[in-house]
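Understanding the architecture of this molecule
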Amino acid sequence: MSSPVEIPYKSFVQIVRDLETPIYMQVTHQLIQAIQRGYLPANTRLPGTRALSALLDLHRNTVVAAYEELLTQGWVEARPNKGTFVIGTPAGKGRKLSGLSGGVMSWSGYPQETGFTFQKTNLLDNPFEHSECTHVFNDGIPDIRLSHIDQHSRWYSAQLKRRSTKKMLGHYNQDGSEFFKKHLANYLNLSRGLHISRENLLITRSTEMSIYIASEILLNKGDIVLVGELSYFASNMIFQKSGAAIKTVSIDEEGIDVAAVKAMCEQYPVRMLYLTPHHHYPTTVTLSAQRRLALLELAKTYGFIILEDDYDYDFHYDKNPVLPLASADTHGMVIYVGSFGKSLAPGFRTGFIVAPQNLMVEMRKLLGIIDRQGDIVMEQALGEMIAEGEIHRYLKKSLKIYEQRRDDCTALLQQYLGGHIRFQKPSGGLAIWAEWAAPVNLSQVSKICARSDLFIPKTILYQNRNITAMRLGFGDLNETEMEKAIAILAKAVSDLAQ
């Protein structure tokens with residue numbers, strides 16, 4: 001190997017004196033990086049401590065400490081009367097130092113690509129877009145400004161201080177808080193007509209995680225999953241990733257077409273039917289009672305699973321909301337997934353799965369792998385919110401606001417776009433399904449709106465040769481924001497027509 005003086009140590013050992021890391025450790029780390037990257041290959045003799053300290057303008061004791069650390073970690077070896085050498089058997093001349101700019105070494109950094117091949121997929125590409133626009137339409141999310149974050153934080157802080165909660169923090173909690181599951185089971189039984197115990201509950205991070213767990217346990221490659229002709233894109237992505245074959249079924253004003261489901265079952269060995277019956281995503285229509293009973297009978301007859309996603313049950317404005325299919329299932333054919341605390345701040349929400357106990361055993365195994373630690377403190381706090389009746393009071397207050405926003409949104413849509421769109425006032429949820437009376441290029445409308453500071457993401461646009469529609473979320477917009485956004489949309493439509 002060339003003489004140590006030919007190696008530009010000063011170019012890759014650069015000292016930052018105001019870091020908390022001791023200077024001798026900075027020297028150590030950067031010499032290790034040089035060895036790992038091949039700039040100091042095996043059997044290279046390092047400069048003496050006096051020579052390197054003079055080169056780097058450091059005290060000799062600092063370099064001595066760095067060399068001792070290298071010896072301790074096994075990167076170098078001291079050979080009597082010869083000097084300090086990089087360990088290992090020489091594998092050639094090593095990598096040529098490159099990237100010198102003004103005498104300073106520019107490290108290549110972490111590898112840009114793997115040194116091995118792996119399977120790639122575009123099925124899970126992120127469909128969400130980002131924009132800096134002031135005004136935004138989404139597919140129907142709650143308004144975080146209505147969340148009593150300070151109050152929620154007090155509940156969380158109180159749990160952290162409790163001795164019983166502290167004891168749980170030292171254990172794995174993939175089974176979740178038994179206290180929360182007990183109260184959540186009671187809450188679901190009272191509010192949704194279920195007949196479950198905590199043994200029928202699995203606590204997850206989100207509805208999407210619940211669907212993923214169900215898919216991993218219940219679906220095999222090639223299994224047929226039926227979904228609505230228009231359906232939730234995230235669940236479709238999960239089913240496809242599981243290797244399932246997705247087939248679509250038509251949707252009308254009463255929800256999914258039961259006759260079409262039966263026809264599919266007569267033609268194919270259907271494994272699963274995915275439904276959002278309370279408010280179908282994206283059209284917001286409610287599955288009729290007659291069709292609910294018919295689907296339960298079909299599931300029993302043909303043996304397919306009904307995966308019922310009740311993503312926004314909390315948001316209903318009628319005094320008598322329609323109960324989920326799971327409440328009438330007596331044959332164990334329905335897997336019920338949903339979210340708790342969706343009207344709360346995002347960090348205070350959880351997902352859940354309701355299923356028979358034998359399936360729960362397998363689901364808990366998978367959850368123990370992907371989320372072994374859980375969030376026991378948050379679950380304890382949410383359980384107390386149920387026990388103290390806080391969640392009922394909060395929902396009652398927020399529902400009045402969301403119902404008013406729904407009414408404001410429908411009035412503004414009629415005022416600004418009444419001649420262009422048709423829609424039904426939804427009985428619940430946080431979005432309105434608006435269909436265009438005449439075809440219009442929604443992609444172009446979105447671009448025009450963006451120039452006027454309104455962002456319309458592609459995930460709420462639905463357009464093909466049979467339909468031109470948008471799912472317009474109103475939950476996170478107050479009346480002023482709503483009117484501004486709808487006015488911009490109306491002007492964009494007008495400009496495009498000219």
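See the structure above.
Only a predicted model underlies this, so the values are computations on that prediction, with no experimental measurement involved. (Residues numbered from 1 in each chain as written. Predicted model: local features only at pLDDT ≥ 70, side-chain atom pairs only at ≥ 80, totals over all residues. Heavy atoms only, no water.)

1. So, the overall build of the protein chain
When helices and strands are tallied, the protein chain shows 16 helices and 18 strands. For the protein chain, whose C-alpha radius of gyration is 31 Å, the value lies well above the compact-globule estimate of 23 Å for 498 residues. Taken along its principal axes, the extent of the C-alpha atoms in the protein chain is 95 × 60 × 50 Å. When contacts within the protein chain are restricted to residue pairs at least 6 apart in sequence, long-range pairs at least 24 apart make up 72% of them. Accessible surface, the protein chain as shown: approximately 25300 Å² in total, 50% of it carbon and sulfur. (Helix = DSSP H or I, 4+ residues; strand = E, 2+ residues; numbered from the N terminus. Rg over C-alpha atoms; globule rule 2.2 N^0.38 Å. Contact = heavy atoms within 4.5 Å. Areas by Shrake-Rupley, 256 points an atom, 1.4 Å probe, with all protein chains shown as cover.)

2. Considerations on the pairing of strand β11 (residues 305–310)
With six of six residues buried, β11 lies mostly within the body of the structure. Alternating residues of β11 divide into Ile305, Leu307 and Asp309 and Ile306, Glu308 and Asp310, and every residue in both groups is buried. With four bridges connecting them, strand β10 (residues 270–275) and β11 associate as parallel partners. The residue bridging Leu275 from the neighbouring strand is Glu308, located in β11. Read from β10 through helix α11 (residues 289–302) to β11, the crossover connection turns out right-handed. With five bridges connecting them, β11 and strand β12 (residues 334–340) associate as parallel partners. Bridging across to β12, Glu308 finds its partner in Tyr336. (Buried < 20%, exposed > 50% of the residue type's maximum accessible area, 1.4 Å probe, protein only. Pairing = 2+ DSSP bridges. Right-handed = clockwise from strand over helix to strand, strands pointing away.)

3. A few points about helix α12 (residues 357–370)
The terminal C-alpha atoms of α12, which comprises 14 residues, lie 20 Å apart, in line with the 20 Å expected from a rise of 1.5 Å per residue. Along α12, the residues classified as buried are Leu359, Met360, Met363, Arg364, Leu366, Leu367 and Gly368. (Expected span 1.5 Å × (residues − 1).)

4. Quick look at the side chain of Thr276
With respect to the helices and strands, the residue Thr276 is situated in the loop between β10 and α11. Classification of Thr276 by relative accessible area gives buried; the value is 5%. A polar contact of 2.8 Å, which involves the side chain of Thr276, links it to the backbone nitrogen of Tyr281. If we ignore the near neighbours within four places in the chain, the residues touching Thr276 are Tyr281, Asp309 and Tyr311. (Polar contact = N/O pair within 3.5 Å; in protein donor to acceptor, adjacent residues only side chain to side chain.)

5. Things to note about the pattern of salt bridges
Should their charged atoms come close, side chains of opposite charge can pair. Summed over all chains, the structure comprises 18 salt bridges. Notably, a salt bridge pairs Asp143 with Arg145, separated by 2.9 Å at the nearest N-O pair. Residues Arg406 and Glu403 are paired through a salt bridge, measuring 3.8 Å at the closest nitrogen-oxygen approach. Of this pair, Arg406 and Glu403 are both found in helix α14 (residues 390–417), three residues apart, which corresponds to roughly one turn of the helix. Judged by its relative accessible area of 8%, Arg406 falls in the buried class. The exposure class assigned to Glu403 is partly exposed, which follows from its relative accessible area of 30%. Among the ionic contacts, a cluster of salt bridges with common partners joins Asp143, Arg145, Arg405 and Glu481. (Salt bridge = Lys/Arg side-chain N within 4 Å of Asp/Glu carboxyl O.)

6. Concerning the nonpolar core
Counting residues in hydrophobic clusters, the biggest one holds 84 residues, and the most contacted among them are Phe137, Leu184, Leu295 and Leu489. If you tally residues by element for this core, the top one is α14, at nine residues. Dropping the residues within four chain positions of it, Leu489 is found in contact with Phe137, Leu417, Val445, Cys449, Leu454, Ile456, Met470 and Leu472. Val225, Leu230, Ala355 and Ile467 belong to the second-largest nonpolar core, a separate cluster that totals 36 residues. (Core = buried A, V, L, I, M, F, W, Y, C linked by side-chain atoms within 4.5 Å.)

7. Topic: the packing of helix α3 (residues 49–56) against helix α4 (residues 60–73)
At a minimum axis separation of 8 Å, α3 and α4 run at an interaxial angle of 120°. With respect to α4, the element α3 is oriented oblique. As for the relative orientation of α3 and α4, their crossing is right-handed in sense. For the pair formed by α3 and α4, the contact residues are Thr49, Arg50, Leu52 and Ser53 on the first element and Arg60, Val63, Val64 and Tyr67 on the second. (Axes fitted to C-alpha atoms, helices over the stretch in contact; angles between N-to-C directions. Parallel < 35°, antiparallel > 145°, perpendicular 65-115°, else oblique. Left-handed = near helix turned anticlockwise from the far one by under 90°.)

The quantities given are spatial measurements derived from coordinates; they are silent on function.
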